[in-house]
Amino acid sequence: MDGLPAAAQPPESEEPESAEWEIPLPVWIGEQHVRFAVRALILHVSDDESTRPCCLWDKHPHPCRLARWGRRVLATRGLSDGAIDVVVRRADPYIDLTTLMNEGHQ
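All figures in this text were calculated on a predicted structure; none of them were measured in a lab.

Reading the values: the criteria
Residues numbered from 1 in each chain as written. Predicted model: local features only at pLDDT ≥ 70, side-chain atom pairs only at ≥ 80, totals over all residues. Heavy atoms only, no water. Helix = DSSP H or I, 4+ residues; strand = E, 2+ residues; numbered from the N terminus. Buried < 20%, exposed > 50% of the residue type's maximum accessible area, 1.4 Å probe, protein only. Contact = heavy atoms within 4.5 Å. Areas by Shrake-Rupley, 256 points an atom, 1.4 Å probe, with all protein chains shown as cover. Core = buried A, V, L, I, M, F, W, Y, C linked by side-chain atoms within 4.5 Å. Axes fitted to C-alpha atoms, helices over the stretch in contact; angles between N-to-C directions. Parallel < 35°, antiparallel > 145°, perpendicular 65-115°, else oblique. Left-handed = near helix turned anticlockwise from the far one by under 90°. Nonpolar A, V, L, I, M, F, W, Y, C, P; charged D, E, K, R; others polar. Expected span 1.5 Å × (residues − 1).

What follows covers the overall build of the protein chain. The secondary structure content of the protein chain amounts to four helices and two strands. When the helices and strands of the protein chain are placed in sequence order, the string is α-β-β-α-α-α. With 106 residues in all, the protein chain has 29% of them scored as buried. Of the contacts formed within the protein chain by residues at least 6 apart in sequence, a portion of 47% connects residues at least 24 apart. Counting only carbon and sulfur atoms, one obtains 56% of the accessible surface of the protein chain, whose full area is about 7,000 Å².

The biggest cluster of nonpolar side chains holds 19 residues, and the ones touching the most others in it are Val34, Leu74, Leu79, Val87, Leu97 and Leu100. Counting only elements with at least two residues in this core, the list comes to α1 (31–43), α2 (65–76), α3 (81–90) and α4 (97–102). Apart from residues no more than four positions distant in its own chain, leucine 79 is found in contact with Leu74, Ile84, Val87, Leu97 and Met101.

For the rest of this paragraph, the subject is the packing of α1 against α2. With their axes 8 Å apart at the nearest point, α1 and α2 run at an angle of 135 degrees to one another. As judged from the angle between their axes, α1 and α2 are oblique. For the element pair α1 and α2, the recorded crossing hand is left-handed. Here α1 contributes His33, Val34, Phe36, Ala37, Val38, Ala40 and Leu41 to the contact with α2, which in turn contributes Leu66, Ala67, Trp69, Gly70, Arg71, Val73 and Leu74. Looking at the contact of α1 with α2 residue by residue, the classes come out as 11 nonpolar, two polar and one charged.

Each α-helix turn comprises 3.6 residues. Residues three or four places apart therefore point the same way. With 12 residues, α2 extends 16 Å from end C-alpha to end C-alpha; this agrees with the ideal 16 Å at 1.5 Å per step. Residues of α2 that are buried include every one of Ala67, Arg68, Trp69, Gly70, Val73 and Leu74, and no others. Following α2 by one or two positions, glycine 78 adopts a phi angle in the positive range, close to 105 degrees.

So this is what it looks like as structure tokens:
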């Protein structure tokens, strides 16, 4: 893909399950990364109406790269799968994650 930076070009393996296909986590996960992760999870939800679940945003098989990245970021910050599901259901990019953790969604 000429004209795109190397980071934006697809890896040689198009297999979504390969490690080189994953978006790397930042060395340090700050508040801005958490907000991006929540936004990615809100936007990159599954299209449940199709025969194969696909991302509503980019039409890739669900969970897409950004949805997986968002889950990994929030898991690194200490949220359980259940708490991450609550974040997605509430669809609020400014949700207070410490409140979720204190509500027992661990």
